Amino acid sequence: MPDSTHIPETLPLYRLQEMVAFPYMILTIFLNEHELRMFEATVNYNNLIALFKARREVAGSVAESIHEVGTVCRVTKLTRLADETTKVTLEGISRVKLAGVAVESPYPLVRIEPISEFVEKTIVSDALVSSLSALLKIALSYGRPLPDDVMKLINYIDNPARLSDLVAVYLNLSLEEQQEILETIDPIERIKKVYTGLTSEVQRLQIKGEVQTEVSKRMGKTQKEYLLREQMKQIKEELGDDEQPETDLNELKRKLAATAMPDEVRIIAEKELKRLERINHASPEYTVSRTYLDYLSGMPWMVSTADNRDINVAEQVLNDDHYNLKNVKERILEYLAVRTLKENMKGPILCFVGPPGVGKTSLGRSIARALGRKFIRISLGGMRDEAEIRGHRRTYIGSLPGRVIQEIYRCGANNPVFMLDEVDKIGLDFRGDPASALLEVLDPEQNNTFTDHYLDVPFDLHNVMFITTANQLDPIPAALKDRMEIITLSGYTSGEKVHIANRFLIPREIDENGLSSFQPVFEMASLERIISDYTREAGVRNLQRNIGSVCRKLAKEITQGKTLRTPVTPALVEEFLGHPKFFNEVAAEHDRVGVVTGLAWTETGGDIIFVEATRMRGKGELILTGSLGDVMKESARTALSYVQANSAGLGIPADAFEETTIHIHVPAGSIPKDGPSAGITMATALVSLLSGRPARRDTAMTGEISLTGRVLAIGGLKEKVLAARRAGVVKLIIPDRNRNDLDDIPDETRSSMTFIFIQEIGQVLSEALQ
């Protein structure tokens, strides 16, 4: 036994989790309050404690949870720390074998059997000790550190058992391998295992040293990052991996040589390629230059798609995709006709203006299909940074071209149909004005030399057909508006919506909701019911949503094993969609004094408004409510001034304005309203109020009033007429100067309404008041 210390038959047990204790080993562990009681009890056991390595798998009993061989250690020092833990220093004494468990609580006491290690000195044992000592010195020469006191001790140890235990502590062995050495009782076998492990360690250190030496010779004084790359290179050579992949430079040279580009661009590309060859691969500048050359070699400088020049085929494609929209289709066919006659012509810059849901965006995709071109769409809504259009300069890490160049690079052709959606919703802040950056892009006289900040070379955009979309023209800057050809897309009539639903929406929703094999049929009355009672819009988006809702409910019934209910009747529509959401406001009301029906234009189409006027005792004030804008307030004051000045001829008592406050309100109060077209509506409401004559509810009007009573022209007539038709208006009073605008109104709408053309306010009053 290595120590003459008396070892009791029963000792406290401490289970080691992340280490193995060997004889002669000095080790330190940290204890909590519960574990400390066990070590304090060692004073009753000659300051000895049994340390056994815990097994990885959790067992039920103490004996099953630890290995059979452990080490008895002497507690040499207990030190209390500030964090309420205790540092314990122990010294390994002897190997012991587990004989049983005496007590399991409050802490385990185990019965142990000391293991005697008798070693007879022989030539073999002396040779193993000498070999292990020599090998250990070789390991130290490769940089394997050992404490100085251990080094001095090794020179005087000739006992193979003690030497093997000492060296095993400092080997990079796993816990399982250390436990295996601890359980090897025969000292000769133990020293052989330690010698094998040390041999593997020396070989690993030797290979590592050779690689580092070879790399150091090649490296010289280069930086640390380059050292790591050279180490990888040397490792590949040791493995025999001599295949060298084709370099980025060779690939770039081939791409640039194969790309057709203008001469001035090729000169810049070749100059940048020579610069790239001199840049270190590890430098961030290498990535910037490499990406730049990728864009130069990938841009479609002279690559175009062939246009479909058959006008009849193009017209058929447009008609297949969209119903009506004659003005837009006519303009596209005109462009195609001129393109057929003149090879080199500039692409048009079109701007589709109209309420949501009338098909502006889908029309761009249809135009691309009709022309046989690729289609690109980007949304400008909320864009605030000029660099989104012109790109970032290459001085910034991670810089990229603007969206225009990026999308053309992706599509691979220099003549796509390029749609810039929501051009009226571009923002503006400290980063620049994207609308100003678009001036060059959308100017046919300038965009043949469009220069992106990133590319820094001109790119010809004159072959691109640019199409912008907007809900309203007012937010678009005047300079940008001047560069575009404005094409207005008005809302659809009820008849047009029925046609669009039957031809496009119903087949699409049937297919998307898995009803292709059932083909439900919608009655005409059902569609009219959805249009009038469940949607109130200029476009057809909500109509499509409601048709989709009906189809989903039909699909649900089919999957529940019910019979398909077809055709879809108006009653079934109400069952599926619930009670109607919109009502005929005009038909639901009766003629009243001081309440007149007017018409308004909004960015979502037309709408009807009700101008209400009342009076009360006061100081002759005019109160205006309903979120009215400045122009609309001025119209109200103009109407009041006219009525006051002409009260005698209008049948209004002379004392009607004395000590009277007049209040004009335009519901709904939360929606902002502005514009001059409600002038005659307000004047009519005032005359109705002050004369006591009820206004006809089924008669709506629009027109601007002057101080002398003349009725001036207004805009957005088609949208207003369609809104009046949806609301149930049968008679419409409009300015005589807007007579020609009726040509844009569909025949079915014109034939269902009576139009009164007026030039002065007296005509309005005779038609609108009872």
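What you see is a predicted model; the values in this text were computed from it and never measured.

Moving on, we get to the overall build of the protein chain. The secondary structure content of the protein chain amounts to 27 helices and 22 strands. The C-alpha radius of gyration computed for the protein chain amounts to 46 Å, which surpasses the reference 27 Å derived for 770 residues by more than 25%, pointing to a less compact arrangement than a globule. For the protein chain, the C-alpha atoms occupy an extent of roughly 140 × 75 × 65 Å along the three principal directions. Taking all 770 residues of the protein chain together, the buried fraction comes to 47%. Restricting to contacts in the protein chain with at least 6 residues of sequence separation, those with at least 24 account for 73%. A total accessible area of about 38100 Å² is found for the protein chain, and carbon and sulfur atoms account for 49% of it. Measuring between centres, the 93 positive side-chain charges of the protein chain sit 1 Å from its 108 negative side-chain charges.

Take the sheet that holds strand S7 (residues 349-353) next. One open sheet holds the five strands; their spatial order is S8-S9-S12-S7-S13, and the pairing between them is parallel. Across the chains shown, the open sheet's two edge strands, defined by having one partner strand only, are strand S8 (375-379) and strand S13 (485-488). Strand after strand, the sheet turns through a mean of 20 degrees between neighbouring axes, direction not considered. Relative to strand S9 (residues 417-421), S8 runs parallel, the two being bridged by five bridges. What sits directly across from Phe 375, in S9, is Val 417. Packed on one face of the sheet, helix H13 (residues 360-371) meets S7, S8, S9 and strand S12 (465-470) and runs near 175 degrees to S9. Strand contacts of helix H15 (residues 403-411): S8 and S9, with the helix running at about 150 degrees to S8, the strand carrying the most contacts.

This brings us to the side chain of Ser 706. Considering the arrangement of structural elements, one finds Ser 706 in the loop between strand S19 (704-705) and strand S20 (711-712). Here the side chain of Ser 706 touches Thr 708 through a polar contact of 3.1 Å, side chain to side chain.

Quick look at unusual backbone geometry now. Going from Thr 566 to Pro 567, the amide bond is cis rather than trans, its omega being 5 degrees. Relative to the elements of secondary structure, Pro 567 occurs in the loop between helix H20 (541-559) and helix H21 (570-577). The backbone of Gln 519 shows a phi angle near 50 degrees, a positive value even though the residue is not glycine. The topology assignment puts Gln 519 in the loop between helix H18 (494-512) and helix H19 (524-533). Of note, the phi angle at Ser 627 is positive, near 55 degrees, even though the residue is not glycine. Relative to the helices and strands, Ser 627 is located in the loop between strand S16 (622-625) and helix H23 (630-645). Among the residues examined, Ser 627 registers a relative accessible area of 35% and is labelled partly exposed.

As a rule of thumb, nonpolar side chains are buried together in soluble globular proteins. Ranked by size, the top nonpolar core spans 57 residues in total, and within it Tyr 14, Phe 39, Leu 51 and Leu 90 carry the most contacts. In terms of residue count, the dominant contributor to this core is helix H2 (residues 123-141) (six residues). If near-sequence neighbours (up to four positions away) are discounted, Tyr 14 is found in contact with Ile 29, Leu 31, Glu 35, Met 38, Phe 39, Ile 49, Ala 50, Leu 51 and Phe 52. In terms of nonpolar packing, the next biggest core, distinct from the first, is built from 51 residues, Leu 325, Leu 333, Phe 352 and Val 550 among them.

Here we come to the environment of Thr 71. Locating Thr 71 in the fold gives a position in strand S4 (residues 69-80). By relative accessible area, Thr 71 is classed as buried at 0%. Spatially, the C-alpha atoms of Thr 71 and Glu 388 are 72 Å apart, while their sequence positions differ by 317 residues. For Thr 71, the residues in contact, after removing those within four places along its chain, are Ala 21, Phe 22, Pro 23, Ile 49, Ala 50, Leu 51, Gly 92, Ile 93, Ser 94, Val 96 and Leu 182. Only 2.7 Å separates the side chain of Thr 71 from the backbone oxygen of Ala 21, close enough to count as a polar contact.

Here we come to empty space enclosed by the protein. Considering all chains together, one arrives at two cavities of 30 Å³ or more under this definition. Estimates place the volume of the second largest cavity at around 40 Å³. Looking at the second largest cavity, the residues that line it are Tyr 492, Thr 493, Ser 494, Leu 722, Arg 725 and Arg 726. Among the elements that line the lining of the second largest cavity, the one with the most residues is helix H25 (residues 717-727), at three residues. Among the residues forming the lining of the second largest cavity, the class breakdown is two nonpolar, two polar and two charged.

This part covers H21. Of all the positions in H21, only Leu 572, Val 573, Phe 576 and Leu 577 are classed as buried. Each buried residue of H21 lies within a common arc of 115 degrees when the element is viewed along its axis, so the set occupies one face. Buried positions along H21 lie against H19 and H20.

Turning next to the packing of aromatic side chains. With the rule as written, the count across this model stands at six aromatic pairs. Taking 5.7 Å as the distance between ring centres and 75 degrees as the angle between the ring planes, the aromatic pair formed by Tyr 295 and Tyr 454 counts as edge-to-face. Of this pair, Tyr 295 sits in helix H10 (residues 284-298) while Tyr 454 sits in the loop between strand S10 (450-451) and strand S11 (458-459), placing them 159 residues apart in sequence. We note that Tyr 295, like Tyr 454, is buried. Of note, Arg 162 hangs over the ring of Tyr 24, and the distance from its end group to the ring centre comes to 4.5 Å. A cation over a ring is seen here: Arg 739 above Phe 757, with NZ or CZ 4.1 Å from the ring centre.

On inspection of all chains with the given rule, the structure shows 30 salt bridges. Note that Arg 331 and Glu 485 form a salt bridge whose closest N and O atoms lie 2.7 Å from each other. Of this pair, Arg 331 sits in helix H12 (residues 326-341) while Glu 485 sits in strand S13, and the two are 154 residues apart along the sequence. Given the relative accessible area of 31%, Glu 485 is considered partly exposed. Through salt bridges that share partners, Arg 95, Asp 165 and Arg 190 make up one connected network.

Another aspect to go through is the pairing of S12. The buried count for S12 comes to six of six residues, which makes it a mostly enclosed element. Sheet analysis places S7 next to S12, joined by five bridges and oriented parallel. Residue Val 353 lies in a different strand from S12, and its bridge partner there is Ala 470. The pairing of S9 with S12 spans four bridges and is parallel.

Each value, and the rule that gives it
- Residues numbered from 1 in each chain as written.
- Predicted model: local features only at pLDDT ≥ 70, side-chain atom pairs only at ≥ 80, totals over all residues.
- Heavy atoms only, no water.
- Helix = DSSP H or I, 4+ residues; strand = E, 2+ residues; numbered from the N terminus.
- Rg over C-alpha atoms; globule rule 2.2 N^0.38 Å.
- Buried < 20%, exposed > 50% of the residue type's maximum accessible area, 1.4 Å probe, protein only.
- Contact = heavy atoms within 4.5 Å.
- Areas by Shrake-Rupley, 256 points an atom, 1.4 Å probe, with all protein chains shown as cover.
- Lys, Arg positive; Asp, Glu negative; His and termini not counted.
- Charge placed at Lys NZ, Arg CZ, Asp CG, Glu CD.
- Pairing = 2+ DSSP bridges.
- Axes fitted to C-alpha atoms, helices over the stretch in contact; angles between N-to-C directions.
- Polar contact = N/O pair within 3.5 Å; in protein donor to acceptor, adjacent residues only side chain to side chain.
- Core = buried A, V, L, I, M, F, W, Y, C linked by side-chain atoms within 4.5 Å.
- 1 Å grid on protein atoms, 1.4 Å probe; cavity = no way out; pocket = protein on both sides within 12 Å on 5 of 7 lines; lining within 4 Å.
- Points joined across faces, edges and corners; volume = space filled by probe spheres on them.
- Nonpolar A, V, L, I, M, F, W, Y, C, P; charged D, E, K, R; others polar.
- Arc of directions from axis to C-beta.
- Phe/Tyr/Trp six-rings, centres within 6.5 Å; stacked < 30°, edge-to-face > 60°.
- Lys NZ or Arg CZ within 6 Å of the ring centre and 35° of its normal.
- Salt bridge = Lys/Arg side-chain N within 4 Å of Asp/Glu carboxyl O.

Limitation: the analysis is restricted to geometry and does not speak to function.
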